[in-house]
Amino acid sequence: MRFDILTVLPGLLESPFAHSILHRAQKKGLTEIHVHNLRDYSSNKHKSVDDYPYGGGSGMVMMIEPFAVCIEKLKAEREYDEIIFMTPDGVTLNQGLANQLSSVKNIMILCGHYKGIDQRVRDLYVTREMSIGDYVLSGGELPAAILVDAIVRLIPGVLSDETSALSDSFQDDMLDAPVYTRPADWKGHKVPDILLSGNTPEIEKWRFEQAMERTKARRPDLLE
Ligand code: ADE
């Protein structure tokens, strides 16, 4: 699976993909993540990518040309299943959407900045607009990294124990049960006896009950 991310701040995306699971997924050849600097696609002699908004108002708007030139170049090289624009007014990312997107081949992600991007980019190219939550960040780069992480960990073979992605919180519309590791007793704070019992059916039952209790208390909306 291949990702192409278009941004004016490629440096912001160097670190998130260079560690841990995302790094390993690339090394194993299970995913490719390419970051493109929109300034490289500006025809302007100052390599500017933004301009004042028509009609006035505060803030700068990202111009269509660098996006259009970069998108057209990439589209000439391969077909994209999705061209996603990260924006707080998009559809909120959830596990279901991540699952859906983990089965496609090529995804392009557009990161906005400043006041926004020229509406014509959205009208002409974008297939989906996605938000990571009801708050405004300074740009789409961190949301793009979150989207890629949520998708890549679901690609078969990325996690060493494939069942661990399936047992994630939200996969069954429920939060996870609490987990513990050694020591069994830390300064009098003990791990629940059931987890030390070796009784697998009873442990599964306990985990389900705990998950249900946690979901009811914290996210009753998931059970509706
Ligand atoms: N860009 C700025 N804020 C964002 C958000 N909450 N989700 C996606 N993209 C964004």
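The rules behind the values
- Residues numbered from 1 in each chain as written.
- Predicted model: local features only at pLDDT ≥ 70, side-chain atom pairs only at ≥ 80, totals over all residues.
- Heavy atoms only, no water.
- Core = buried A, V, L, I, M, F, W, Y, C linked by side-chain atoms within 4.5 Å.
- Buried < 20%, exposed > 50% of the residue type's maximum accessible area, 1.4 Å probe, protein only.
- Helix = DSSP H or I, 4+ residues; strand = E, 2+ residues; numbered from the N terminus.
- Contact = heavy atoms within 4.5 Å.
- Polar contact = N/O pair within 3.5 Å; in protein donor to acceptor, adjacent residues only side chain to side chain.

Side note on the nonpolar core
(1) Moving on: Counting 30 residues, the largest nonpolar core has I5, I109 and L147 as the members making the most contacts within it.
(2) Moving on: Within the residue set of this core, elements represented by two or more residues are β1 (2-7), α1 (20-27), β5 (82-92), α3 (95-101), β6 (106-111) and α5 (141-152).
(3) Moving on: Of all the elements, α5 adds the most residues to this core, at 7 residues.
(4) Moving on: Apart from residues lying up to four places away in sequence, I5 is in contact with L13, F17, I33, H34, V35, H36, I109, C111, A144 and V148.

Comments concerning the environment of D4
(1) Moving on: For D4, the position within the fold is in strand β1.
(2) Moving on: Counting along the chain gives 102 residues from D4 to N106, while the straight-line C-alpha distance between them is 8.0 Å.
(3) Moving on: Aside from chain neighbours lying at most four places away, what touches D4 is H34, H36, L74, R78, Y80, I107, M108 and I109.
(4) Moving on: Engagement of the side chain of D4 in a polar contact is seen with the side chain of Y80, the distance being 2.7 Å.

Digging into unusual backbone geometry
Backbone phi values are negative for most residues with the exception of glycine, while trans is the configuration of most peptide bonds.
(1) Moving on: The omega angle of the peptide bond from R182 to P183 is 5°, so this bond is cis rather than trans.
(2) Moving on: The phi dihedral of K47 is positive, around 60°, even though this residue is not glycine.
(3) Moving on: Turning to its location among the elements, K47 is positioned in the loop between β2 (32-37) and β3 (50-51).
(4) Moving on: Even without being glycine, K187 reaches a positive phi, approximately 50°.
(5) Moving on: In this fold, K187 is placed in the loop between β9 (185-186) and β10 (189-190).

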